[in-house]
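Working through the structure, step by step
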Amino acid sequence: EKLLEIKALKKHFKLDRTSTLKAVDGISFDIYKGETFGLVGESGCGKSTAGRTIMRLYEATGGEVDFNGDNVHAKKSKKELKKFNREMQMIFQDPYASLNPRMTVKDIIAEGIDIHGLVNTKQERLDRVNELLKTVGLNEDHGNRYPHEFSGGQRQRIGIARALAVDPSFIVADEPISALDVSIQAQVVNLLKRLQKERGLTYLFIAHDLSMVKHISDRVGVMYLGNMAEIATSDDLYAEPLHPYTQALISAIPISDPEVERTRERIIVEGDVPSPVNPPSGCRFRTRCPFAMDVCAKVVPEFLEHKKDHWVACHLYDERYNDEHQARQR
Ligand code: SF4
Ligand code: MG
C-alpha cells in the first residue's frame, strides 16, 4: 500500500539571471506504508533536497508529492498544513546543529507537543517527555540538561525523540548516522528499526554510501545528478545492480575477505560529478560511464521496469538502443 507517491518532482534553485541549479530534476517513486526506502548518491546529487521537498520544507518547482493520496504541495488551509507537519517529521545528520543550545532537552522534545496542543496539563507534558526519553534509551534526568552535555549518539537519540513527540507516520532521516562513530551507528540503526516495528513508521533513509542503507532499507533508490538512476529491492540491488553507476558504487564497498577482494571485478568511475547547473545532454552519467554509447549523448534514458520491481534508466537495457552496445561487444 502506497503512503507516498512522488511524481516527476523537481526542485530548482535560481542562482542568478541566467543560471539555475537543477538539484532535483524530475524524480518519480513510491514509498509503501511501513517500509524503509533508502535514497543514495554522492554529495550534491540532490538527495537531501529531494527529502526536504518531499517534506514540504522546500516548495516544489514542479511535480507532485501525494501523501495518502493528497498532494502536499497543493495550496492547503493552515489546519491542513498543520496536519501534514505532524504526520511528517525529519531527523538530521547533525543533531547538534538542529537542537537549540539554550533549551533544555525536555523543552526541545516538547516543542511539537506544545505547537500541536497535544496535552492539557504540565504533568501530562512531563509524562509524555519522560516516556519519549525512555523510548529512545535516555532517562528522566537527561530532560533537564542541555544538548552540549551529550555525546553525538545521545544527541541523535534526542533528535529522534523530538521527531516522535508528535506521533508521525513518516520520517525523513537525512544521513542520521553519517556523523557518528562506527560503533554508535549500529545502535542508532537498531533503535530506528525497533521504533519502526513498534509504531508502524515509514522511513525515507538518506545516505551517501550504499553500505549504510543495506541493512535498514527494504528498497533503495540511487540518485545521480538530480535524476533517479535505479530503484530495486535491497536484495536485488546488491545482487544484480543494473545501472553502471550503481555497479560502481557497489564495487567500491570493501569486502572483508581478501581473496574475494583481490579477484572481483571492479567498475571504476573516473572524474568528478558534473555541475547540476549545466548537466550533460542525454544521460547525465555519460561523462563518467565506461559503457557510454553514441545514443547516450543524444537521448535521455527512460526509467523502465527491467524486471518486476526493478527499475533502471540506462540505454543498455532499452531494446531500442542496446543494438549499438551489442554490436560493439561482438
Ligand atoms: Fe552509461 Fe549510456 Fe547507460 Fe548512461 S545510458 S549509464 S551513459 S550506458
Ligand atoms: Mg545532504
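Residues numbered from 1 in each chain as written. Chains lettered and ligands numbered in written order. Predicted model: local features only at pLDDT ≥ 70, side-chain atom pairs only at ≥ 80, totals over all residues.

The protein appears in an unreviewed UniProt entry as Oligopeptide ABC transporter ATP-binding protein OppF from Virgibacillus indicus. Turning to the protein, the UniProt record has this under Sequence similarities (unreviewed entry): "Belongs to the ABC transporter superfamily." (UniProt positions renumbered as here; feature names shortened; annotations may be inferred.)

Moving on, we get to the overall build of the protein. Counting its secondary structure elements, the protein contains 13 helices and 12 strands. Relative to the globule expectation of 20 Å for 330 residues, the C-alpha radius of gyration of the protein, 21 Å, shows essentially globular dimensions. In terms of overall dimensions, the protein has a C-alpha envelope of 75 × 50 × 40 Å along the principal axes. Once local pairs closer than 6 in sequence are excluded, the contacts in the protein between residues at least 24 apart make up 63%. (Helix = DSSP H or I, 4+ residues; strand = E, 2+ residues; numbered from the N terminus. Rg over C-alpha atoms; globule rule 2.2 N^0.38 Å. Contact = placed C-beta atoms within 7 Å.)

Ordered by their spatial adjacency, four strands build an open sheet running 2-1-4-5, and the pairing between neighbours is antiparallel. Both outer strands of the open sheet, strand 2 (20–32) and strand 5 (70–71), are each paired with one neighbouring strand and no more. (Pairing = 2+ DSSP bridges.)

It is worth spelling out the UniProt feature "domain: ABC transporter" (unreviewed entry) in the protein at this point. UniProt annotation of "domain: ABC transporter" (unreviewed entry) refers to residues 4–250 when read in the numbering used here. Its end C-alpha atoms 27 Å apart, residues 4–250 is made of 39% helix and 26% strand.

Taken together, 14 residues surround ligand 1, and among them Cys283, Arg286, Cys289, Cys296 and Cys314 come closest. Across the shell around ligand 1, the residue classes tally to 11 nonpolar, two polar and one charged. (Near = placed C-beta within 6 Å. Nonpolar A, V, L, I, M, F, W, Y, C, P; charged D, E, K, R; others polar.)

Over its 18 residues, helix 7 (residues 182–199) extends 26 Å from the first C-alpha to the last, a length consistent with the 26 Å expected when each residue adds 1.5 Å. At the C-terminal side of helix 7, Gly200 shows a positive phi close to 60 degrees. (Expected span 1.5 Å × (residues − 1).)

Once that is clear, we can look at the sheet that holds strand 3 (residues 36–40). The eight strands are arranged 6-7-8-3-9-10-12-11 in an open sheet whose pairing can be described as mixed. The two strands at the open ends of the sheet, each matched to only one other strand, are strand 6 (88–91) and strand 11 (304–307). On average, each strand axis in the sheet is tilted by 20 degrees relative to the strand beside it, whichever way the strands run. Bridge count for strand 3 against strand 8 (residues 202–207) is five bridges, and the pairing is parallel. Bridging across to strand 8, Leu39 finds its partner in Ile206. (Axes fitted to C-alpha atoms, helices over the stretch in contact; angles between N-to-C directions.)

This part takes up the confidence of the model for the protein. Should pLDDT be low for a region, the predicted coordinates there are not to be read in detail. Overall, the prediction assigns the protein a mean pLDDT of 92, with 98% of residues at 70 or greater. Overall fold confidence for the complex sits at a pTM of 0.94, while the interface term, ipTM, reaches 0.97. (pLDDT = per-residue confidence, 0-100.)

Let us look at the nonpolar core. Within the largest apolar cluster, 79 residues are counted, with the highest numbers of intra-cluster contacts made by Ile109, Ala161, Ile171, Leu204 and Phe205. For Ile109, the residues in contact, after removing those within four places along its chain, are Val129, Leu132, Ile158, Ala161, Arg162 and Ala165. (Core = buried A, V, L, I, M, F, W, Y, C linked by C-beta atoms within 7 Å. Buried ≥ 20, exposed ≤ 12 C-beta atoms within 10 Å, placed from the backbone.)

The next point concerns helix 10 (residues 244–251). Of all the residues in helix 10, the buried ones are Pro244, Tyr245, Thr246 and Leu249. The secondary structure elements touched by the buried residues of helix 10 are helix 8 (210–214), strand 9 (219–224), strand 10 (227–233) and helix 9 (234–239).

Judged by how many residues are buried, strand 8 sits mostly within the fold: six of six residues are covered. Because side chains alternate across strand 8, one face comprises the buried residues Thr202, Leu204 and Ile206, and the other comprises Tyr203, Phe205 and Ala207, equally buried. Where strand 7 (residues 170–174) lies against strand 8, five bridges are found, and the strand directions are parallel. Bridge pairing in strand 8 places Phe170 opposite Thr202.

On to the environment of Gly62, then. Turning to its location among the elements, Gly62 is positioned in strand 4 (residues 62–67). Distance in space between the C-alpha atoms of Gly62 and Thr287 is 27 Å, their sequence separation being 225 residues. The residues contacting Gly62, other than those within four sequence positions of it, are Ala8 and Lys10.

Looking now at the environment of Val105. Relative to the assigned elements, Val105 resides in helix 4 (residues 105–115). A residue is classified by how many C-beta atoms lie within 10 Å of it, and Val105, with 26 of them, is buried. Measuring from C-alpha to C-alpha, the distance between Val105 and His73 comes to 32 Å, with 32 residues separating the pair along the chain. Discounting residues that sit within four places of it in the chain, Val105 has contacts with His142, Gly143, Arg145, Pro147 and Ile158.

A separate point is the environment of Arg52. One can find Arg52 in helix 1 (residues 47–54). C-beta crowding within 10 Å serves as the criterion here: with 18 such atoms nearby, Arg52 is assigned to the partly exposed category. As a C-alpha pair, Arg52 and Lys122 span 70 residues in sequence and 33 Å in three-dimensional space. The contacts of Arg52, once residues within four sequence positions are left out, are Leu57 and Tyr58.

As defined by bridge partners, strand 1 (residues 2–14) adjoins strand 2 across 10 bridges and the pair is classed as antiparallel. If you follow Lys14 over to strand 2, its bridge partner there is Thr20.

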